[in-house]
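# Coordinates in review
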Amino acid sequence: MSLFRYNRNENYEDEFDRFVNTFFGAPLVRRTDRGDKRTWSPSIDMHDTGKEVVLHAELPGVKKENISLDIHGNSLVLSGETKINKEYEEGGSIYRERQFGNFSRTIPLPKDVDTEKVLANFSDGVLEVKIPKKEQAAPKKISIS
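First, a word on scope: everything that follows refers to the structure included in this document. (Residues numbered from 1 in each chain as written. Predicted model: local features only at pLDDT ≥ 70, side-chain atom pairs only at ≥ 80, totals over all residues. Heavy atoms only, no water.)

### Concerning the pairing of strand 4 (residues 52-58)
Walk down a regular strand and you will see the side chains alternate between the two sheet faces. Worth spelling out the cut-off: When DSSP locates at least two bridges between a pair of strands, those strands are taken to pair. Helix numbering and strand numbering both begin at the N terminus, where a helix is a DSSP run of H or I of at least 4 residues and a strand a DSSP run of E of at least 2.
Taken together, the five bridges between strand 3 (residues 44-48) and strand 4 define a ladder with antiparallel strand orientation. Opposite Asp48, over in strand 4, you have Val53 as the bridge partner. Connecting strand 3 to the next strand, strand 4, in antiparallel fashion are three residues, including Gly50 with a positive phi near 100 degrees. Judged from the seven bridges that link them, strand 4 and strand 9 (residues 126-132) form a sheet pairing that is antiparallel. Bridged to Ala57 within strand 9 is Leu127.

This is the structure:
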């Protein structure tokens, strides 16, 4: 059985993506076409420290000014655009790499977070978002008379 098969409805790039994803057993790149722009989905890690929810999103090559972070209800929406155009010479050859496209992720948030106090930091291609949990009323001891 061949993993690389021709389908007239797919272009070669889609066929290659399907081949690579089948070979490695999991999608390495998640992307879809939206008109003439390519969309991809950044990798995200999220954990609860007890006092806050911390999210890390990998956005290699994305500039800070091309990132948008919004709260809609109890969801965090991370979106933006990547435009990478690299060119370098080596051994008499010129190499060019181009990557472009939009990205968007909607991340559901726990109900006990305070969306008014979100902190975000972007450094070395990693976005870190910290969302503190709402202060809970301290437990009260009730005396019975």
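### A few points about the packing of aromatic side chains
Which entries qualify depends on this criterion: A pair of Phe, Tyr and Trp rings is counted when the ring centres sit within 6.5 Å of each other, with Trp represented by its six-membered ring. The angle between the planes then sorts it: under 30 degrees is stacked, over 60 is edge-to-face, the rest tilted. Accessible area is worked out with a 1.4 Å probe on protein chains only. A residue is then buried under 20% of its type maximum, exposed over 50%, and partly exposed in between.
Here the structure, examined in full by the defined rule, presents one aromatic pair. Between Tyr88 and Tyr95 the ring centres are 5.3 Å apart and the planes differ by 20 degrees, which places this aromatic pair in the stacked class. Judged by relative accessible area, Tyr88 falls into the partly exposed class, the value being 36%.

### Describing the sheet that holds strand 8 (residues 119-123)
For the record, the criterion: To obtain an axis, a line is fitted to C-alpha atoms, over the contacting stretch when the element is a helix, and the angle between two such axes runs from 0 to 180 degrees between their N-to-C directions.
Taken together, four strands build an open sheet; the order of strands is 3-4-9-8 and the sheet is antiparallel. Single-partner strands in this sheet number two, and they are strand 3 and strand 8. Each strand axis lies, on average, 15 degrees off the axis of its neighbour in the sheet, ignoring direction.

### Topic: unusual backbone geometry
Of note, the phi angle at Asp124 is positive, near 50 degrees, even though the residue is not glycine. One can find Asp124 in the loop between strand 8 and strand 9.

### Thoughts on the pairing of strand 6 (residues 75-90)
Here strand 5 (residues 67-72) runs beside strand 6; their pairing, made up of six bridges, is antiparallel. Residue pairing for strand 6: Ile71 is matched across the bridge by Leu76. Adjacent in sequence and paired antiparallel, strand 5 and strand 6 are bridged by two residues, among which Gly73 carries a positive phi angle near 65 degrees. Summarising the sheet, strand 6 and strand 7 (residues 93-108) pair through 16 bridges and their orientation is antiparallel. Following the sheet pairing, Glu81 is matched in strand 7 by Asn102. Hairpin connection from strand 6 to strand 7: two residues lie between these consecutive antiparallel strands, with Gly91 at a positive phi of about 60 degrees.

### Some details on the nonpolar core
Here is the rule: The nonpolar core is taken to be a set of buried Ala, Val, Leu, Ile, Met, Phe, Trp, Tyr and Cys residues, with the residues joined through side-chain atoms within 4.5 Å. Contacts between residues were defined by any pair of non-hydrogen atoms, one from each residue, lying within 4.5 Å.
Counting residues in hydrophobic clusters, the biggest one holds 16 residues, and the most contacted among them are Leu59, Ile67, Leu78 and Leu127. If we skip the residues at most four places from it in the chain, Leu127 touches Leu55, His56, Ala57, Leu59, Ile67, Leu69, Leu78, Ala120, Asn121 and Phe122.

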